[in-house]
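Chain and residue survey
These are the residues of each chain, in order.
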Amino acid sequence: MDNPPWRVIVRRMTCDADILIVGGGLNGSCLALALAQAGLSSVVIDALPEATRGDAAFDGRSYALALASVRMLDALGLWEGLQDVAQPILEVKASDGRAGEGAGPFFLHLDHAEIEEGPMGHMIEDRHLRRALLEAIDTNPRVTHLPEAKVVAQDTAGPVRVTLADGRGLSGRILVGADGRRGGTAGRAGIRRTGWDYGQTALVCAIAHEKPHHGIAHQFFMPAGPLAILPLPGNRSSIVWSERTARAAEIAAMDDAAYLEALRPAFGDFLGEIELAGTRYAYPLSLSIAERFVAERLALVGDAAHGVHPIAGQGLNLGLRDIAALAEVLADARRRGEDIARADVLARYQSWRRFDTAAMAVATDTFNRLFSNDNPAIRAARDIGMGVVQAMPGLRRRFIREAAGLTGDVPRLLRGRAL
């Protein structure tokens, strides 16, 4: 047989796709759905097996979705199926803390009641969001999902062409890297990265606790790094616990009982007895920004474009802003009859996203350096500064709207409007 069945299917369904997306995680899948809404076809090249992406077991990972991100998922037809398993974030309380003492009195309190739009965000477990996206792309006629596929070569000089590890070749009009900060798409395009290591590691897991959290997210600023306690449905919370690298390695190597004993002095007892719920993870923390977000017929989104400190919980939200901006730029160019792969079209995306990304990188870097220390003078100065914010309703409201993703030049999808 000259053409095996899979070769015919690949040629018919993927070779003429508008966009080739490298990376089948949350950002890659969400981008495919946004592009489909704009009438653009895509192939999602996913290195992981489909069974791994679709595993329904709770693994301890969760995401803080800003209100704007929730509106985007709603505009893409996903939120209706997710809202019953999401936890609204009704308040945020920030406190100073010291090792062995837990958190002190909060110096900043943000309440969703100060804005008209509702909760400033929602917590959603990875298993629910990942599965919803996977089901959506697998049933969308404009999206082809290729699990267990790895790109080993790419050429963007003319029509985009990629070669997969199994020898298949795919072509499209634009190549998008959604393959993370260590993915190969940016490197193969000659795009360098800038940044630095924080000497910290984030310990991530879910905790079950005795008392209700009332939808309140807590941020404890400890000398070694922040501890975020983020509400999940039921009496559970997701934690992102930043520690110095050496200490984090020691904690990560502990058994579950010792891990909890190490956590309790920082966590405190305000939620009663605690226990682990789900798998534990450890992620080295660094700042990593691509020097360019676009190249010839190529764009980067999500962590492939930028990786920031999790202190503000904005990692996934930044990626969704990239996706909303890129999809809108391409959709509008298509309506105007422009070549969507043209350099000036892709430059609009980069121009839209560079300032916001740089501002978030500076903010998270500054906050981490300012709050991850035990210098009495610095602690006093920062607490006074946060106290000023707390005492000024207008400034406090601006903080809430910033956290909710409602400020700046907001793409249509993030305003809940279809493309």
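Refer to the structure presented above.
Residues numbered from 1 in each chain as written. Predicted model: local features only at pLDDT ≥ 70, side-chain atom pairs only at ≥ 80, totals over all residues. Heavy atoms only, no water.

Counting 116 residues, the largest nonpolar core has Ile21, Ile45, Met72, Leu330 and Tyr349 as its most contacted members. Among the elements that line this core, the one with the most residues is helix α9 (residues 315–335), at 12 residues. Beyond its immediate sequence surroundings of up to four residues, methionine 72 is in contact with Cys30, Leu320, Ile323, Ala324, Leu413 and Leu414. (Core = buried A, V, L, I, M, F, W, Y, C linked by side-chain atoms within 4.5 Å. Buried < 20%, exposed > 50% of the residue type's maximum accessible area, 1.4 Å probe, protein only. Helix = DSSP H or I, 4+ residues; strand = E, 2+ residues; numbered from the N terminus. Contact = heavy atoms within 4.5 Å.)

Moving on to the pattern of salt bridges. In the structure shown here, the tally under the stated rule is 26 salt bridges. A salt bridge links aspartate 126 to arginine 61; the nearest nitrogen and oxygen atoms lie 3.4 Å apart. Placement of aspartate 126 in helix α5 (residues 126–139) and of arginine 61 in the loop between α3 (50–53) and β3 (62–66) is noted, with a sequence separation of 65 residues between them. Look at aspartate 126 and you get buried, because its relative accessible area is 3%. Among the salt bridges present, the one from aspartate 356 reaches arginine 321, with a minimum N-O distance of 3.1 Å. Of this pair, aspartate 356 sits in helix α10 (residues 343–371) while arginine 321 sits in helix α9; the two residues are 35 residues apart in sequence, bridging distant segments of the chain. Beyond isolated ion pairs, a larger network of salt bridges with shared partners links Arg336, Glu338, Arg342, Asp344 and Arg348. (Salt bridge = Lys/Arg side-chain N within 4 Å of Asp/Glu carboxyl O.)

Moving on, we come to the packing of α9 against α10. The geometry of a pair of packed helices is captured by two quantities: the angle between their axes and the separation between those axes. In the contact formed by α9 and α10, the axes pass within 9 Å of each other and the chain directions differ by 160°. Relative to α10, the element α9 is oriented roughly antiparallel. For the crossing formed where α9 meets α10, the hand is right-handed. Touching Leu318, Arg321, Asp322, Ala325, Leu326, Glu328, Val329, Leu330 and Ala333 of α9 are Val345, Leu346, Arg348, Tyr349, Trp352, Arg353, Asp356 and Met360, all from α10. For the contact of α9 with α10, a count of residues per class yields 11 nonpolar, no polar and 6 charged. (Axes fitted to C-alpha atoms, helices over the stretch in contact; angles between N-to-C directions. Parallel < 35°, antiparallel > 145°, perpendicular 65-115°, else oblique. Left-handed = near helix turned anticlockwise from the far one by under 90°. Nonpolar A, V, L, I, M, F, W, Y, C, P; charged D, E, K, R; others polar.)

Right, let's talk about the sheet that holds β3 for a bit. Read across the sheet, 3 strands follow the order β3-β7-β4 without closing on themselves; strand pairing throughout is antiparallel. Strand pairing shows two members of the sheet lacking a second neighbour, β3 and β4 (87–89), which therefore form its edges. Each neighbouring strand pair of the sheet contributes to a mean axis angle of 30°, computed without reference to strand direction. Alignment of β3 against strand β7 (residues 121–125), held across 5 bridges, turns out to be antiparallel. When the bridges of β7 are listed, leucine 65 appears paired with histidine 122. (Pairing = 2+ DSSP bridges.)

Moving on, we come to the pairing of strand β1 (residues 17–22). The element β1 is largely enclosed, with a buried count of 6 among its 6 residues. Bridge analysis of β1 against strand β11 (residues 169–177) gives 5 bridges, and the strand direction is parallel. Counterpart to isoleucine 21 in the pairing with β11 is valine 176. Two strands pair when backbone bridges link them, and β1 and strand β2 (residues 42–45) are joined in this way by 4 bridges, in the parallel orientation. For leucine 20, the partnering residue across the bridge sits in β2 and is valine 43. One crossover worth recording links β1 to the parallel β2 by way of helix α2 (residues 26–37), and it is right-handed. (Right-handed = clockwise from strand over helix to strand, strands pointing away.)

Among the secondary structure elements, glutamate 125 is positioned in strand β7. Under the relative-accessibility criterion, glutamate 125 is labelled buried at 1%. Remark: the alpha-carbon pair of glutamate 125 and alanine 64, spanning 61 residues in sequence, is separated by 9.0 Å. Those residues in contact with glutamate 125, other than ones at most four positions away along the chain, are Phe58, Arg61, Ser62, Leu232, Pro233 and Arg236. A distance of 2.6 Å separates a polar atom in the side chain of glutamate 125 from a polar atom in the side chain of arginine 127. (Polar contact = N/O pair within 3.5 Å; in protein donor to acceptor, adjacent residues only side chain to side chain.)

Taken as a whole, this structure holds 4 aromatic pairs when the rule is applied. The interplanar angle of 85° and the centroid separation of 5.8 Å between the aromatic rings of tryptophan 241 and tyrosine 259 together place this pair among those described as edge-to-face. Of this pair, tryptophan 241 sits in strand β15 (residues 236–244) while tyrosine 259 is found in helix α8 (residues 256–267), placing the two residues 18 residues apart along the sequence. Exposure remark for tryptophan 241: the relative accessible area of 2% places this residue in the buried category. (Phe/Tyr/Trp six-rings, centres within 6.5 Å; stacked < 30°, edge-to-face > 60°.)

Burial along strand β10 (residues 160–164) is one-sided: Val160, Val162 and Leu164 are buried, and none of Arg161 and Thr163, which face the opposite way, are. For strand β9 (residues 151–155) and β10, the ladder comprises 4 bridges, and the chain directions are antiparallel. Note that in β10 the partner of glutamine 154 across the bridge is valine 162. Where β9 folds back on β10, the antiparallel hairpin that results is connected by 4 residues. Here 4 bridges tie β10 to β11, and the two strands are oriented antiparallel to one another. Note on β11: the bridge partner recorded for threonine 163 is glycine 169. Adjacent in sequence and paired antiparallel, β10 and β11 are bridged by 4 residues, among which glycine 167 carries a positive phi angle near 95°.

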